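A closer look at the structure
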2 protein chains.
Amino acid sequence: MHEVNKDLQRERQNCTFDVEEMTVLYDGGKEKTAERRYRDNVMVSTKDYYSGVPEYYLGAKEKYEESIRKSVIIFGLVRKMQREGRTKITDIRHFLQCLLGSAPTYDGTSMALHYLMFVPAIVSQGTEEQQAHWLPRAWNGNFIGSFAQTELGHGTFIRGLETTATYDPDTQEFVLHSPTLTSHKWWAGGLGHTANYAIVVAQLYTKGQSHGVHAFIVPIRDEQTHQPLPGIRVGDVGGKLGLEAVNNGFLGFDHVRIPRNNMLMKHAQVLKDGTYVKTSDGKLIYATMLFMRVVIAYDMVNYLTKAVTIATRYSAVRRQTPVRKDGPELQILDYLTQQHKLLITIATAYCFKIISTIHWDTYDEINEQVANGKLDRLPELHALVCCLKAIVTSDTAQCIERCRLACGGYGYMLSSNLPALYGQVTAACIYEGDNTVLLLQTARFLLKTWQRLDSHTLPPTVAYLKTASSEGFLPKWENSAEGIIRGLQVVAMRKISACAAAIEKRVTSGVPLEQAWNLSSVQLVAAAETHGRVVLATYFYEGANKMIAGASASTGAVLRRLLELYLVYWALQSLVDLLKYTNISERGTEELQAWYEELLVILRPNAVGLVDAFDIRDKMLHSTLGSYDGRVYERLMGEAQKSPLNKEPDYSPFHKYLKPYMQGKL
Amino acid sequence: MHEVNKDLQRERQNCTFDVEEMTVLYDGGKEKTAERRYRDNVMVSTKDYYSGVPEYYLGAKEKYEESIRKSVIIFGLVRKMQREGRTKITDIRHFLQCLLGSAPTYDGTSMALHYLMFVPAIVSQGTEEQQAHWLPRAWNGNFIGSFAQTELGHGTFIRGLETTATYDPDTQEFVLHSPTLTSHKWWAGGLGHTANYAIVVAQLYTKGQSHGVHAFIVPIRDEQTHQPLPGIRVGDVGGKLGLEAVNNGFLGFDHVRIPRNNMLMKHAQVLKDGTYVKTSDGKLIYATMLFMRVVIAYDMVNYLTKAVTIATRYSAVRRQTPVRKDGPELQILDYLTQQHKLLITIATAYCFKIISTIHWDTYDEINEQVANGKLDRLPELHALVCCLKAIVTSDTAQCIERCRLACGGYGYMLSSNLPALYGQVTAACIYEGDNTVLLLQTARFLLKTWQRLDSHTLPPTVAYLKTASSEGFLPKWENSAEGIIRGLQVVAMRKISACAAAIEKRVTSGVPLEQAWNLSSVQLVAAAETHGRVVLATYFYEGANKMIAGASASTGAVLRRLLELYLVYWALQSLVDLLKYTNISERGTEELQAWYEELLVILRPNAVGLVDAFDIRDKMLHSTLGSYDGRVYERLMGEAQKSPLNKEPDYSPFHKYLKPYMQGKL
């Protein structure tokens, strides 16, 4: 092992809290830390992973083969640990954080969707018989499924899907068909060349009648030869900004027949004679559909902690420009502008870790109620899941990009891993619901809630709308964590109220409601976002204080500062609204700004300790800039040598093109 | 030719102004439009460009060969047009806009730096004899040069460079040497495997004395064999987020000898006996060094217009979600939230086109004064160039990313060309000076100016600081273009004043000046940015009004709206400061918001016309989403077919890895 960079050594000596204690708090207990470390070890210690040539130098076919080679190693290890009782593939939190999170695949895997969507869809939408038929082989990975809903011409608006599944009572089969170019399925992960099954969402027709979209299990490729089955047109959608190894596919059907039993029939059935029977509320499917958005929000912190670990360690190692002439060049982490970029990102990572766990638990709680037929919190859950998915993915993308830019030119190098992390996260701003669309859905719920303020008991996450609108709620602005949260509550409440008024004004003046809604939509998105900020602030406040209660004084103090930094930052970002809707004074805003800058200075000495506490192995970071020992320049030069352009110099482009050009022959 | 998408046809019919008139205004006159189109035609009509497989599917070596193949075609065509008198390679504006802009290279070219930096450096730093010796072959492309300044461990702080050039009077040679790993040159464009010469910036030592950094012409590779010359360690820096074809290189020297005459000696000489003679002010070099930052700011609009053309046309074609149940799905361009994303980007593109021309002319004017020994506007020029480079690159990157996200999932596909555009532009936020560092340099000038407010005549671009601080400058807030500009001037003035006060307060309390500066740097960056916003607003206001004066009423009206949209948008972005520093009322802020939304609705019908007026050929856009005929879905499916994964199905990854995994053998 090489010596650790001197500056990093000093950073670690000056850290004021116990890093191991923080890691354990972060993981949720010593046992969990030990379990996670065991799984991490298994995942990173397999030597077969590393082939010597970084994937990004490979051509499309080689890249695909390499990603499959690695994917089966990963999922093989998961299967092995499962047999040993060390994890369950059903524990999606492990799956994301430790298994995929520590995975050596540079840019995703085409097999994940099988476990994240294909299997859960059968669980939630299949009958007991269907589950008994499909799940054992599916869990065991004896085939790989994908989930195909979105079409080339149809995304958010699911009712507009064009793929048809027409029941033929003579053969007791469904006929799947793609009537147009725009009806081709597009995007389904793993569908390109990996999956041999897919759940396909299609418009059901039986007895000449349309019954809306339903889900069907469709074999895509021959299990022995992997050739596409007759009538199936399938392939990769082509190059993407990131997640290249996910092998997203397109899929078209030319009158493809599947047995009647391949329709997932838990909530609706087509009988042998073609009779359509609906047996349960569609809302039940709905709750399980929301699950992916909870998973996505939960997953973001895995990328964010990597990015900020990389940027913070690099900023401790990199030196640039002396402050005094002839003095030594400064660690760039000592520049306030750099602290401004990184510390809020560290605070955000701690926030997202805490809130996403609370969010997941809230989902579990409400989902259980729903499964038991108690549907009243479902609209609240929907609104919550939509806005948290939107804000968490969007903030994570911005934070990662800020980390990347904070590393200067080296953040532009693929070997830093920052471009790939951004590529993976920015995708999440779009998939499973475009963020703007999701915020508008939350806004719709908020406006409905606003109209029921006095007539209904409000569900927990929006109950503040009532209290914040009562007199004397915030008589005087207060620069404290609690004061800021109350201030944000007032802002959210007033913005929702303003939206309601704006729409009403337009409707009163004769504008149709739909148009009034559209004309107010910029404002609506902003209101929904502020509501989300209130939820994040509240969850973080509650979660952090719980952690602080169980922490030593020194560690608790640091957590408290992170919480404050996060809240002050968002108060400053909301200053226009605070000035408009609360009685914060000019003096108050100046104190907020001073508080923020003071927190940067206070937290600065712990920056490296705070990212060390994320406990991410070098083999999980995949970064020349972020490794624990800080040997940045050695690694950059070492990685450059791995480029095939450097390893196997080839003078043919010179002789074929450059030389004739230089000699004026071209 | 295929039929144009119906929605796009209707958009074009409903456009209220003459698109061709706008194009001519945008280009600066009919003759210029005709010349540009001639060059565009030459550049895009060469069939040899297109090989059938998009570059992003290739492995590193194939990608490099393909980029060189295309580069020599491009530069060959430029040489041809030059001979015909249709352009001059010295006309860098053509070079960027029409030649590289229309180039078929997907991601840059490794030969551009030769013309953009190597040749200009010889012009500005070489003696007349040196110019006579080197320039004819260089202009003619008989060799390809690079420019190597930045080192692995050294960027912004040029005095910290470690590469040495030690004069040996015995042989009358300089000995170039890289004493450490961190002294290796890094980033130089084209240096990897393309250039055979480089200008190398190194610490000059002669007669045992150091004389700071100077520039040397160094042969890197044998002109016949292209092998690296003895003592030279050279190669590609490795994979990057974008600009892959630029072939950025690293370079190390092991006591490499070059003739004395290879030092560029216009401003300082080393005589045969090793005597060092300085013959002119270093500031002269400095002015020419600023040129690249002007070029970069000018170049941004070429990327921005492409991105917004793509996103706007796509938003007219894409339909999603009916407003009324059972109604048709809406063009997404009809959603206010989409207009909010795109129209400000269109306005920004018009703004940047106009201001970057004014900026270039201002540079030319001051640079000529400097060349004639009149140095007094040099600090102003420096401050101006720094903040405009920072703001224009950063705004462009954000606008392009907004366009990309506004295209939903398809913006994530490489075939949209949006990821590559973002990759090219985000690089510009870092190279030739990190944006945060540049804004701090501007802040330094602004603070100096502030201290001289009463004692000196202020140079033009900061003269407003004096007028805006005089009483009665903005007695009452006014919601008009002029009012907004005056408001922004007040804000910039007050922020600079606040920075001066904050630093003074800290110094008075005993904090050393350098530390006080650092502790105020977040505030300083913000002040410099606001100053830049004032310059942008003023330039755009003046430039647009000049265009409007020469335009028809209908075209002028649209330009006026674009100007207003841009100003109102930035007023809204600056609302915290306007509330703090001007007497804008709550009512006034609400009117601003209403004005903004009204402008979106007014400009909406002209969105497609406004991007059509950029007159960018399909072969320059390289986008499945943005082509003139709007056949988005056909192109997406067509591009997917070009993936080698789809073209040549390969079942070996299945048989080697997937099948054994599915059978439980792995």
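Residues numbered from 1 in each chain as written. Chains lettered and ligands numbered in written order. Predicted model: local features only at pLDDT ≥ 70, side-chain atom pairs only at ≥ 80, totals over all residues. Heavy atoms only, no water.

This next bit is on the relation of the copies chain A and chain B. Structural alignment of chain A on chain B gives an RMSD of 0.0 Å, achieved by rotating through 180 degrees and translating 0.0 Å along the axis. A rotation of that kind, with that shift, is consistent with a two-fold axis. Across chain A, the rotation axis passes nearest the C-alpha of glycine 59 of chain A, at a separation of 1.8 Å. Of the interface residues in chain A, 100% have counterparts in chain B that sit at the interface too, so the contact is made through matching surfaces. (Least-squares fit on C-alpha atoms with pLDDT ≥ 70 in both. Contact = heavy atoms within 4.5 Å.)

Burial within helix α11 (residues 418–428) of chain B is extensive, with eleven of its eleven residues counted as buried. Inspection of α11 of chain B places Leu418, Pro419, Ala420, Leu421, Tyr422, Gly423, Gln424, Val425, Thr426, Ala427 and Ala428 of chain B among the buried residues, and these make up the whole buried set. Buried residues along α11 of chain B sit in contact with α10 (378–406) and α11 (418–428) of chain A together with α8 (282–317), α10 (378–406) and α12 (435–451) of chain B. (Buried < 20%, exposed > 50% of the residue type's maximum accessible area, 1.4 Å probe, protein only. Helix = DSSP H or I, 4+ residues; strand = E, 2+ residues; numbered from the N terminus.)

Residues and elements named next belong to chain B. This structure, assessed with the given rule, holds 80 salt bridges over all chains. In this structure, the salt-bridge partner of aspartate 7 is arginine 10, at a minimum N-O distance of 3.0 Å. Of this pair, aspartate 7 and arginine 10 both sit in helix α1 (residues 6–14), separated by three residues, roughly a single helical turn. Judged by relative accessible area, aspartate 7 falls into the buried class, the value being 8%. A relative accessible area of 33% means that arginine 10 is categorised as partly exposed. We note a salt bridge from arginine 533 to glutamate 529, for which the minimum N-O separation is 3.0 Å. A residue pair is termed a helical-turn pair when its members lie 3 or 4 positions apart in one helix, as arginine 533 and glutamate 529 do in helix α16 (residues 521–549) at four residues. (Salt bridge = Lys/Arg side-chain N within 4 Å of Asp/Glu carboxyl O.)

Below, the discussion takes up the interface of chain A and chain B. Taken together, the contacts link 132 residues of chain A with 132 residues of chain B. Here chain A is connected to chain B by eight salt bridges. Run the count over chain A and chain B and you get 49 residue pairs in polar contact (both at pLDDT 80 or more). Residue composition of the side of chain A that touches chain B, grouped by class: 59 nonpolar, 41 polar and 32 charged. (Polar contact = N/O pair within 3.5 Å; in protein donor to acceptor, adjacent residues only side chain to side chain. Nonpolar A, V, L, I, M, F, W, Y, C, P; charged D, E, K, R; others polar.)

A word on the sheet that holds strand β8 (residues 249–253) of chain A. All names here are of chain A. What the three strands build is an open sheet, ordered β4-β8-β7; its pairing is antiparallel. Of all strands in the sheet, those with a lone pairing partner are β4 (185–188) and β7 (232–236), marking the two edges. For this sheet, the mean inter-axis angle between neighbouring strands, taken without regard to orientation, is 20 degrees. (Pairing = 2+ DSSP bridges. Axes fitted to C-alpha atoms, helices over the stretch in contact; angles between N-to-C directions.)

All names here are of chain A. In this structure, histidine 226 is a non-glycine residue whose phi angle is positive, near 70 degrees. If you trace the backbone, histidine 226 turns up in the loop between β6 (209–219) and β7. With relative accessibility at 3%, the residue histidine 226 sits in the buried group. Phi is positive for histidine 622, close to 50 degrees, though the residue is something other than glycine. With respect to the element layout, histidine 622 can be found in the loop between α21 (618–621) and α22 (632–641).

Further remarks concern the nonpolar core. Among the nonpolar cores identified, the biggest contains 297 residues, and Trp186 of chain A together with Trp186 of chain B are the most heavily contacted of them. Beyond its immediate chain neighbours, meaning those up to four positions away, tryptophan 186 of chain A contacts Thr150, Glu151, Leu152, Val237, Gly249 and Phe250 of chain A together with Tyr410, Met413, Leu636, Met637 and Ala640 of chain B. Grouped together as the second largest cluster of nonpolar side chains are 56 residues, Tyr49, Phe118 and Ile366 of chain A together with Phe654 of chain B included. (Core = buried A, V, L, I, M, F, W, Y, C linked by side-chain atoms within 4.5 Å.)

Once that is clear, we can look at the sheet that holds strand β7 (residues 232–236) of chain B. Residues and elements named next belong to chain B. Overall, antiparallel pairing links the three strands, which are arranged β4-β8-β7 in an open sheet. Lying at the two open borders of the sheet, with one neighbouring strand each, are β4 (185–188) and β7. Across the sheet, the axes of successive neighbouring strands diverge by a mean angle of 20 degrees, strand direction being ignored. Pairing geometry for β4 and strand β8 (residues 249–253), over three bridges, is antiparallel.

Attention now goes to the environment of lysine 185 of chain A. Residues and elements named next belong to chain A. As for its placement among the helices and strands, lysine 185 is situated in strand β4. For the pair formed by lysine 185 and tyrosine 410, sequence separation is 225 residues and the distance between their alpha carbons is 38 Å. Aside from chain neighbours lying at most four places away, what touches lysine 185 is Ala148, Gln149, Thr150, Glu151, Leu161, Thr163, Val200, Val201, Gly249, Phe250 and Leu251. Here the side chain of lysine 185 touches valine 201 through a polar contact of 2.6 Å, landing on its backbone oxygen.

Now for the pairing of strand β3 (residues 173–177) of chain B. Residues and elements named next belong to chain B. In terms of burial, β3 is largely enclosed, as four of its five residues are buried. Pairing between strand β2 (residues 164–168) and β3: five bridges, direction antiparallel. What sits directly across from tyrosine 167, in β3, is phenylalanine 174. From the end of β2 to the start of β3, which pair antiparallel, there are four residues, and glutamine 172 there has a positive phi angle of about 55 degrees. Alignment of β3 against strand β9 (residues 256–259), held across four bridges, turns out to be antiparallel. The residue bridging leucine 176 from the neighbouring strand is valine 256, located in β9.

On to the confidence of the model for chain A, then. The predicted model of chain A has a mean per-residue pLDDT of 93, with 97% of residues at 70 or higher. Interface confidence in the predicted complex, given as ipTM, is 0.96; pTM for the same model is 0.97. (pLDDT = per-residue confidence, 0-100.)

The next subject is helix α2 (residues 19–27) of chain A. All names here are of chain A. The buried count for α2 comes to seven of nine residues, which makes it a mostly enclosed element. With a side-chain oxygen lying 3.0 Å from the backbone nitrogen of glutamate 20, the N-terminal cap of α2 falls on aspartate 18. Backbone geometry just after α2 places glycine 28 at a positive phi near 100 degrees.

Taken as a whole, this structure holds 43 aromatic pairs over all chains when the rule is applied. Consider the rings of phenylalanine 291 of chain B and tryptophan 360 of chain B, whose centres lie 5.5 Å apart with planes at 85 degrees: the pair is edge-to-face. Of the two residues, phenylalanine 291 of chain B sits in helix α8 while tryptophan 360 of chain B sits in helix α9 (residues 336–371), which places them 69 residues apart along the sequence. An identical accessibility class is assigned to phenylalanine 291 of chain B and tryptophan 360 of chain B; each is buried. Geometrically, the ring pair formed by tyrosine 314 of chain B and tyrosine 410 of chain B is edge-to-face, given 6.1 Å between the ring centres and 90 degrees between the ring planes. One end of the pair, tyrosine 314 of chain B, is in helix α8; the other, tyrosine 410 of chain B, is in the loop between α10 and α11, and 96 residues separate them in sequence. Here tyrosine 410 of chain B falls in the buried class, since its relative accessible area comes to 3%. One aromatic cluster in this structure is built from Trp186, Trp187 and Phe250 of chain A together with Tyr314 and Tyr410 of chain B. (Phe/Tyr/Trp six-rings, centres within 6.5 Å; stacked < 30°, edge-to-face > 60°.)

Tracing the chain through its elements places threonine 156 of chain B in the loop between β1 (145–148) and β2. C-alpha separation for the pair threonine 156 of chain B and methionine 547 of chain B, spaced 391 residues apart in sequence, amounts to 39 Å. The residues touching threonine 156 of chain B, leaving out its near neighbours within four places in the chain, are Gln320 and Thr321 of chain A together with Val437 of chain B. Among the polar contacts made by the side chain of threonine 156 of chain B, one reaches the side chain of glutamine 320 of chain A at a distance of 3.2 Å.

This part is about the side chain of aspartate 236 of chain B. With respect to the element layout, aspartate 236 of chain B can be found in strand β7. At 2.7 Å, the side chain of aspartate 236 of chain B and the side chain of asparagine 247 of chain B are in polar contact. Residues within four places of aspartate 236 of chain B in sequence aside, it is in contact with Ala640, Leu645 and Asn646 of chain A together with Gly192, His193, Asn247, Asn248, Gly249 and Phe250 of chain B.

Moving on: the environment of threonine 337 of chain A. One can find threonine 337 of chain A in helix α9 (residues 336–371). Note: C-alpha distance between threonine 337 of chain A and methionine 547 of chain A (210 residues apart in sequence) is 30 Å. Those residues in contact with threonine 337 of chain A that sit more than four places away from it in its chain are Thr436, Leu440, Ser521, Val522 and Val525 of chain B.

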